[in-house]
Amino acid sequence: MKDDCIFCKIAKGKIPSATIYEDSHFRVLLDVNPASKGHCLIIPKEHFDNIYDLDGETAGKLFSLATCIARAMKDALHCDGLNVVQNNGEIAGQTVMHFHLHLIPRYEGDQVQLTWTPHESDQSELEAICQAIRKAI
Ligand code: AMP
Ligand code: ZN
């Protein structure tokens, strides 16, 4: 637990939250400033800054839980779609530096924006990037 981390405090129940689900590893709650109705966050109770810190076992359990929550959201909210979003680093939009997964229900005609401009690429560039990342695994 990091003393100055708001999500550590929420995860451990020291700050009240609109909790949907809780077990020994995770808390699932409603985002206080939702992108759409029913926007959920899955927060591990252990502090990890971001995806680079997260261990594989926790990540596996977390995504398994995400599938369960997503199905429950679909049934309860009757949303038309759902985005899974997870931000790492300020440039990527991370504002709370405790790993969390967003589950954002989508509705026909909503104004939620999660888009980017596709760029052109060429085969040699793709191959060079492939090789660089492959070597780093
Ligand atoms: P991110 O920008 O990916 O770091 O997401 C942080 C999210 O946490 C934002 O969507 C905030 O609205 C949400 N948030 C911040 N404080 C709270 C809080 N006390 N309870 C619920 N959600 C929060
Ligand atoms: Zn934390």
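First, a word on what this report is: a plain description of the structure on this page. (Residues numbered from 1 in each chain as written. Chains lettered and ligands numbered in written order. Predicted model: local features only at pLDDT ≥ 70, side-chain atom pairs only at ≥ 80, totals over all residues. Heavy atoms only, no water.)

**Focus: the side chain of T58**
Keep this limit in mind: Put simply, DSSP marks the helices as runs of H or I at least four residues long and the strands as runs of E at least two long, and each gets a number from the N terminus on. We call two residues in contact whenever any of their non-hydrogen atoms come within 4.5 Å of each other.
Positionally, T58 belongs in helix α2 (residues 56-77). Each residue touching T58, except ones within four places of it in the same chain, is listed here: F26, P44 and F48.

**A word on the coordination of the zinc ion (ligand 2)**
Basically, it comes down to this: In this analysis a donor is any N, O or S atom within 2.8 Å of a metal ion (3.2 Å for sodium, potassium and calcium), and since water is not included, sites may seem incomplete. Square planar and octahedral sites, with four and six donors, are those where opposite donors lie more than 155 degrees apart and all other angles lie between 65 and 115, tetrahedral sites have four donors with every angle between 85 and 135 degrees, and the rest are irregular.
The zinc ion (ligand 2) binds to the protein through C5 (SG), C8 (SG), H47 (ND1) and H98 (ND1), with metal-donor distances spanning 2.0 to 2.3 Å. Angles of 104 to 115° at the metal separate the 4 donor atoms of the zinc ion (ligand 2), which places the site in the tetrahedral class. The motif formed by the donor residues of the zinc ion (ligand 2), counted along the single chain, is C-x2-C-x38-H-x50-H. Linking C5 in the segment before α1 (6-11) with H47 in the loop between β3 (40-44) and α2, this pair joins segments that are 42 residues apart in sequence.

**Thoughts on unusual backbone geometry**
Spelled out, the test is: Relative accessibility thresholds used throughout: buried, under 20% of the residue-type maximum; exposed, over 50%; partly exposed, between the two (1.4 Å probe, protein chains only).
With a phi close to 55°, H78 is a non-glycine residue in the positive phi region. Its place among the elements puts H78 in the loop between α2 and β4 (81-85). Given a relative accessible area of 62%, H78 falls into the exposed group.

**Describing the pairing of strand β1 (residues 19-22)**
As a general feature of sheets, a regular strand has side chains that alternate between the two faces. The following threshold applies: Strand pairing is assigned whenever DSSP identifies at least 2 bridges connecting the two strands.
Two strands pair when backbone bridges link them, and β1 and strand β2 (residues 26-30) are joined in this way by 3 bridges, in the antiparallel orientation. Bridge pairing links E22 to R27 in β2. What sits between the antiparallel neighbours β1 and β2 is a turn of 3 residues.

**Structural notes on α2**
Stated formally: In this scheme, a helix's expected span is set at 1.5 Å multiplied by one less than its residue total. Throughout, the arc means that of the directions going from the helix axis to the C-beta atoms.
Taking 1.5 Å of rise per residue, the 22 residues of α2 would be expected to cover 32 Å, and the 30 Å separating its terminal C-alpha atoms lies within 8% of that figure. Taken together, the buried positions of α2 are T58, L62, L65, A66, I69 and M73. One face of α2 carries all of its buried residues, which in axial projection span an arc of 125°. Of the exposed residues in α2, the ones pointing more than 90 degrees away from its buried face are G56, E57, R71, K74 and D75. Along its buried surface, α2 packs onto β1, β2, β3, β4 and β5 (101-106). Two residues or fewer past α2, H78 is found with a positive phi of approximately 55°.

**Thoughts on the site of ligand 1**
Convention followed: One heavy atom suffices: a residue is near a molecule or strand as soon as one of its heavy atoms comes within 4 Å of it. Pairs of N or O atoms within 3.5 Å make up the polar contacts considered here, provided that, within protein, one atom can donate a hydrogen while the other can accept it, and that residues adjacent in sequence are counted only when both atoms are side-chain atoms. Amino acids outside the nonpolar list (Ala, Val, Leu, Ile, Met, Phe, Trp, Tyr, Cys, Pro) and the charged list (Asp, Glu, Lys, Arg) are all regarded as polar, and Gly is one of them.
Close to ligand 1 lie 16 residues; D31, N87, G93, T95 and H102 are nearest. Note that an oxygen atom of ligand 1 is positioned 3.0 Å from one of the backbone N or O atoms of V96. Here an oxygen atom of ligand 1 and a side-chain polar atom of H100 are 2.9 Å apart. When contributions to the shell around ligand 1 are tallied by element, the ones reaching two or more residues are α1 and β2. If one sorts the elements of the shell around ligand 1 by residue count, α1 sits on top with 3 residues. Each residue belonging to the shell around ligand 1 can be placed in one class, and the counts come to 8 nonpolar, 7 polar and 1 charged.

**Remarks on the sheet that holds β3**
The condition is simple: The convention used is that axes are lines fitted to C-alpha atoms, helices contributing only their stretch in contact, and that angles between N-to-C directions extend from 0 to 180 degrees.
Within the open sheet, the 5 strands sit side by side as β1-β2-β3-β5-β4. Their pairing is antiparallel. The sheet is open, and its two edges are formed by β1 and β4, each paired on a single side. When the angles between neighbouring strand axes are averaged without regard to direction, this sheet yields 15°. As paired elements, β2 and β3 share 5 bridges and run antiparallel to each other.

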